[in-house]
Amino acid sequence: MASTFGTLEIAKSGMMAYNAALQTTAHNVANIETKGYSRQVANMKSIVGNKTSITVQGFGVNVESITRQRDEYYDTKYQSTQSVYNYYHTEAYYLNALQDVVCGNVTSDEKSRLTDTFDDFYAALSNLKGKPADTTVRRQVVTLAETFTSYVNNVATKLQQLQEEANTQVKTCVEQINAYAERIVSLNQQIDTVEAYGSIANDLRDQRTLLIDELAQYCDVEVKEIPPSNGVGENQFYVYVNGGVLVDTFRANTLELTQKETYSNISDIKGLYDIQWKDGSNFNVHGNALGGQLQAVFEMRDGNNGTNLNGKVSGLQNNANGNLVLTVTETNCDDVRGLNIPASDGEIIINNRTYAYENFEVKVDGNGKFTYEFTLQDQVPAAQATALNYAVQNGYKANVGEQVDCRGIPYYVAQLNEFVRTFAQEFNRIQNEGYDLNDELGIDFFNAKVPATGDNYIFEESVDGKDSPFTSEPVMEADGTYKGSYYYMTALNFGVTKGFAEDPGKLACKMKNTPDEKVGNDNGDNLQRLTDLKDDSTMFVHGAPDSFLQSMTALLGVDSQKANTMEENQSNLVYAIDTNRKSVSGVDEDEEGSDLITFQNMLFHQYKVLSVLNEVLDKLINQTGV
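The shown structure was predicted, so the numbers you read here are calculated from the model rather than taken from an experiment. (Residues numbered from 1 in each chain as written. Predicted model: local features only at pLDDT ≥ 70, side-chain atom pairs only at ≥ 80, totals over all residues. Heavy atoms only, no water.)

## A look at the state of the cysteines
Following the criterion strictly, the structure yields zero disulfides and no others. Free cysteine: Cys173, not disulfide-bonded; nearest cysteine sulfur from Cys219 at 8.7 Å. (Disulfide = S-S within 2.5 Å.)

Rendered as structure tokens:
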């Protein structure tokens, strides 16, 4: 038989249960606008009371738990999509910035300023036809040539500034990732403290999920939570980034920044950041598993489209100073015009081990094939020397700088370098075969400045299209001049030879058909050859100089448009997934309002049960007498 006062306990349990449900609903309403908050529900279960021979009598209701409504699938999908969106968002930003720098911030149907300044120079050169002795027009040619070279210099400088910006963003991303890791560890500790007593830390878990959502902006994130096998103890919570453990429950394995003392490309800025794990293990900054802003920034900062120098290690010897000299043959670059490795403080990667070199020397065989000899920095430890000997014996592959298969800043700098070297070499070759107004053989028109003195180089002409041997750093001749390769010319130091501004008569417009021929000032045969260079389709793989520039800017435009399109698509996808996620975990004010009325009515029913029971007991105790 049921207890006389059992109904009171049932009513009491109902009051407590629906009061808890009412409080949970009020908590939901209060957090409608709280970012990352998940709707919470009170899970009720009936209380089983005494068992008789006939049935099991109920004994009320109990709130078994209060849980948050969350779908792990949508969380994972949102975080991965957030990472992809931020990758394309960052890539689009830098590609648009590259387009502004290289093309001069013009619309897609206009020519770039780079092409415009080149065309302006050639228009002035064409105006010189028929009047090669006109000093005014000659001066205009020199002025517009200087405008063109200055624009190229300006573009190269801005590209370096953009690389500096990307490098700073690497530092910012790493600092943010570390900050999120520390905060996640702190929340893990708080969650463990609360849940040690059997409760569920819903709000703390929401905060942790929100942190992981935000962390996914910077890199791909994988999360695992493993409950204890025997049900006793705390859950293990792991956050994986780029194949490594960023968070191991109560410990953060943060990332550490180091500034490189070596360079990967000839025009890299100083102090590029590299990353390693706090525990000393390797962090692959150019891996596809990285994702997010960080991967995009590294690709834009270091992307050379896989055009870095590579070859086979074929020799190792000591020089007079005791430094190891490493020989690399069978390379992918036998032309100084496309050579963009650092002159000094570069890095050679062999079998995943990096060696710094002081300088290098190039030897050219009869077939025009390059053999590179790299002088390694300092004294190489015995273990590394042994590894190098093994690499030589087995013909290991050597890379100068890391291969990054993306068209980033270094790629476009290399394109500019190739253009100025090739065009300058061809223009100077014809210029040197002609005669100026003083009937003297022409001198180099385009040049570069020697860093040590500010003077111009005396470039060595190629023979039958084959380059001459050279060292990475120019050597001063006995007469104080610097002779050397067009390797020393880059988009940063490209310019017009000193003296042409003061004496535009040095422009070699005339040509002798025979050694004894007398040429007059009206002879413009060599000028015609110079103007024909603009349409020389054999100069570049892409064709004429104009075509090369147009191809470069068009490729940049295509990459930029693709990144913008992908950014927009991923933005829509993030929105769609977030909408689906909120349909599960979001708080709907109409639904909560309905629940408030429902739980209020249920509480009133419990009060009514008490009122009825009060009347029954009053009748039983006070009004029933013997």
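Alright, that's what it looks like, and here's the rest.
## Some thoughts on the packing of aromatic side chains
According to the stated counting rule, one finds 46 aromatic pairs in the structure shown. Aromatic pair Phe459 and Tyr486: ring centres 4.1 Å apart, planes at 15°, arrangement stacked. You can see Phe459 sitting in strand S16 (residues 458-459) and its partner Tyr486 sitting in the loop between strand S19 (482-484) and strand S20 (494-496), a full 27 residues away along the chain. Judged on exposure class, the residue Phe459 and its partner Tyr486 are both buried. The interplanar angle of 65° and the centroid separation of 6.0 Å between the aromatic rings of Tyr487 and Tyr488 together place this pair among those described as edge-to-face. The buried category is assigned to Tyr487, whose relative accessible area is 2%. Among the residues examined, Tyr488 registers a relative accessible area of 8% and is labelled buried. Above the face of the Tyr78 ring, Arg581 is positioned so that its terminal group lies 4.1 Å from the ring centre. (Phe/Tyr/Trp six-rings, centres within 6.5 Å; stacked < 30°, edge-to-face > 60°. Helix = DSSP H or I, 4+ residues; strand = E, 2+ residues; numbered from the N terminus. Buried < 20%, exposed > 50% of the residue type's maximum accessible area, 1.4 Å probe, protein only. Lys NZ or Arg CZ within 6 Å of the ring centre and 35° of its normal.)

## Section: the nonpolar core
Membership of the largest hydrophobic core comes to 128 residues, with the highest contact counts inside it found for Phe121, Phe360, Tyr372, Phe374, Phe427, Phe445 and Phe446. By residue number, the principal contributor to this core is helix H4 (residues 135-195), which donates 22 residues. (Core = buried A, V, L, I, M, F, W, Y, C linked by side-chain atoms within 4.5 Å.)

## As for the sheet that holds S19
Taken in spatial order, the three strands of this open sheet run S16-S19-S18, and their pairing is mixed. The open sheet is flanked by S16 and strand S18 (475-476), the only strands paired with a single partner. Alignment of S16 against S19, held across two bridges, turns out to be parallel. When the sheet's bridge partners are listed, Ile458 is paired in S19 with Lys483. (Pairing = 2+ DSSP bridges.)

## Overview of the pattern of salt bridges
Opposite charge on two side chains permits them to pair, given that their charged atoms come into close proximity. One pass over the structure, following the stated rule, counts 29 salt bridges. Between Arg301 and Asp302 there is a salt bridge, with its nearest N and O atoms 2.8 Å apart. An identical accessibility class is assigned to Arg301 and Asp302; each is buried. Glu373 is paired through a salt bridge with Lys363; the nearest N and O atoms lie 3.2 Å apart. Highlighted residues: Glu373 in strand S13 (residues 370-376) and Lys363 in strand S12 (residues 353-364), separated in sequence by 10 residues. Owing to a relative accessible area of 15%, Glu373 belongs among the buried residues under this scheme. Several salt bridges share partner residues, and in doing so they unite Arg68, Arg70, Asp75, Asp206, Asp213, Asp578, Arg581 and Lys582 into one network. (Salt bridge = Lys/Arg side-chain N within 4 Å of Asp/Glu carboxyl O.)

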